[in-house]
Amino acid sequence: MFIAYEEFVRRADVVRAQIAAACATSGRDPATVELLAVTKTHPVTAADYAARYGLRGVGENRVQEAAEKRPVCAAPALRWELIGHLQSNKAKLAATHFDRVQSVDSDKLLNHLDRAAAELGKILPVLLQINAGRDPAKFGAELEEAPRLLELALTKKNLRIDGLMTIAPLGATPAEAADHAQRTFTQLRALRDELAARFQAPLRELSMGMSGDLAPAIAAGSTQVRVGSALYGAR
Ligand SMILES: *Cc1c(COP(=O)(O)O)cnc(C)c1O
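Summary of the structure given here. Just so you know, these numbers come straight off a predicted model, no measurement behind them.

With respect to the overall build of the protein
Phase 1 of the analysis: Scanning the protein for helices and strands turns up nine helices and eight strands.
Phase 2 of the analysis: At 17 Å, the protein has a C-alpha radius of gyration in line with the 18 Å of a compact globule built from 235 residues.
Phase 3 of the analysis: A principal-axis box enclosing the C-alpha atoms of the protein has dimensions of 45 × 40 × 30 Å.
Phase 4 of the analysis: By the burial criterion, 52% of the 235 residues in the protein qualify as buried.

Structure representation (structure tokens):
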């Protein structure tokens, strides 16, 4: 049995309070940090709850799963964002079913998504996923590759480059995880500032922070936290 809406509201209120507290600590306006509800593996009800609560978007990590849920979602205005790894042969499907793709980490994917968006007659917003924590277990472009990847991305007429996304490496202990998170998010923020200046591109969105590490992400400048388990329970 999936959680009741009242339970979701309790959890979402807690997450929003955490966001507000992290913003207060770093002197930021909570309105500058979006809460993206990560609904992967959960029934479409999870997306309906998010919309009813007033959230604007949901994150999914598989194209097929979102393609099945989105048509039966009760909230037509909800934004769907792809946050999981994308294979280039699924670029057309992703461009069809998502409002934004956050996991763009290669030339090949940029080429395929741009062509797919052109065929669909749309401009597809994307984020470049950067492996800012240098985690061998994570997808994402290496930090050194980022300038070249962005340079290519900015030539794509059917893509709009909104910013950067990253996932912090896991830690063996909470202290190690906190240290990784702090380093990773600071690194992504510095990279964004450097790229924005060098390419004269705003790169406004910094998608970083999840249920376990949203405070250090907000301290480093996150504009969107992607939260699953704190809203819906364990997967
Ligand atoms: C699953 C997932 C999340 C949400 O993780 P939680 O720990 O459940 O909050 C965020 N970002 C990405 C890329 C994910 O795959």
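A short note on helix 5 (residues 107-120)
Phase 1 of the analysis: A rise of 1.5 Å per residue sets the reference length of helix 5, with its 14 residues, at 20 Å; its end C-alpha atoms lie 20 Å apart and thus fit the reference within 8%.
Phase 2 of the analysis: What helix 5 keeps buried is the set Leu-109, Leu-110, Leu-113, Asp-114, Ala-116 and Ala-117. All buried residues of helix 5 lie within an arc of 165° about the axis, which places them on one face of the element. For helix 5, the exposed residues lying more than 90 degrees away from the buried face are Lys-108 and Glu-119.
Phase 3 of the analysis: Buried residues belonging to helix 5 abut helix 4 (91-97), strand 4 (100-104), strand 5 (124-129), helix 6 (146-153) and strand 6 (159-165).
Phase 4 of the analysis: One or two positions beyond helix 5, positive phi appears at Gly-121, with a value near 65°.

Comments concerning the environment of Val-33
Phase 1 of the analysis: Within the secondary structure layout, Val-33 lies in the loop between helix 1 (5-25) and strand 1 (34-38).
Phase 2 of the analysis: A C-alpha to C-alpha distance of 23 Å links Val-33 and Glu-6, two positions 27 residues apart in sequence.
Phase 3 of the analysis: With near-sequence residues (within four places) excluded, Val-33 lies in contact with Ile-19, Cys-23, Arg-28, Ile-218, Ser-222, Thr-223 and Val-225.

What to know about the environment of Ala-51
Phase 1 of the analysis: For Ala-51, the location among the structural elements is in helix 2 (residues 45-53).
Phase 2 of the analysis: As for Ala-51 and Ala-37, which are separated by 14 residues in sequence, their C-alpha atoms are 9.4 Å apart.
Phase 3 of the analysis: If near-sequence neighbours (up to four positions away) are discounted, Ala-51 is found in contact with Ala-75 and Leu-78.

Side note on helix 1
Phase 1 of the analysis: A rise of 1.5 Å per residue sets the reference length of helix 1, with its 21 residues, at 30 Å; its end C-alpha atoms lie 30 Å apart and thus fit the reference within 8%.
Phase 2 of the analysis: Within helix 1, burial applies to Tyr-5, Phe-8, Ala-12, Val-15, Ile-19, Ala-22 and Cys-23. Projected down its long axis, helix 1 shows its buried positions confined to an angular sector of 100°, all on one face. In helix 1, those exposed residues whose orientation departs by more than 90 degrees from the buried face are Arg-10, Ala-24 and Thr-25.
Phase 3 of the analysis: Gly-27 lies just past helix 1 and shows a positive phi near 65°.

Comments concerning the pattern of salt bridges
Phase 1 of the analysis: Evaluated as defined, the whole model comprises 20 salt bridges.
Phase 2 of the analysis: Across the pair Arg-62 and Glu-65 runs a salt bridge, and its minimum N-O distance is 3.5 Å.
Phase 3 of the analysis: Judged by its relative accessible area of 47%, Arg-62 is partly exposed.
Phase 4 of the analysis: Taking relative accessible area as the criterion, Glu-65 reaches 12% and is therefore assigned buried.
Phase 5 of the analysis: Taking the shortest distance from any N to any O, the salt bridge between Arg-204 and Glu-205 comes out at 3.5 Å.
Phase 6 of the analysis: In the salt-bridge network here, residues are joined through shared partners; they are Glu-34, Arg-79, Glu-81, Arg-100, Arg-160, Asp-162, Arg-204 and Glu-205.

Considerations on the nonpolar core
Phase 1 of the analysis: Within the largest apolar cluster, 72 residues are counted, with the highest numbers of intra-cluster contacts made by Leu-128 and Ile-130.
Phase 2 of the analysis: Examining the composition of this core, we find that seven residues originate from one element, helix 1, more than from any other.
Phase 3 of the analysis: What Leu-128 contacts, discounting residues up to four positions off in sequence, is Gln-102, Val-104, Leu-110, Leu-149, Leu-150, Ala-153, Ile-161, Gly-163, Leu-164 and Met-165.
Phase 4 of the analysis: Leu-36, Ile-83, Leu-127 and Met-165 belong to the second-largest nonpolar core, a separate cluster that totals five residues.

Criteria and cut-off values
Residues numbered from 1 in each chain as written. Predicted model: local features only at pLDDT ≥ 70, side-chain atom pairs only at ≥ 80, totals over all residues. Heavy atoms only, no water. Helix = DSSP H or I, 4+ residues; strand = E, 2+ residues; numbered from the N terminus. Rg over C-alpha atoms; globule rule 2.2 N^0.38 Å. Buried < 20%, exposed > 50% of the residue type's maximum accessible area, 1.4 Å probe, protein only. Expected span 1.5 Å × (residues − 1). Arc of directions from axis to C-beta. Contact = heavy atoms within 4.5 Å. Salt bridge = Lys/Arg side-chain N within 4 Å of Asp/Glu carboxyl O. Core = buried A, V, L, I, M, F, W, Y, C linked by side-chain atoms within 4.5 Å.

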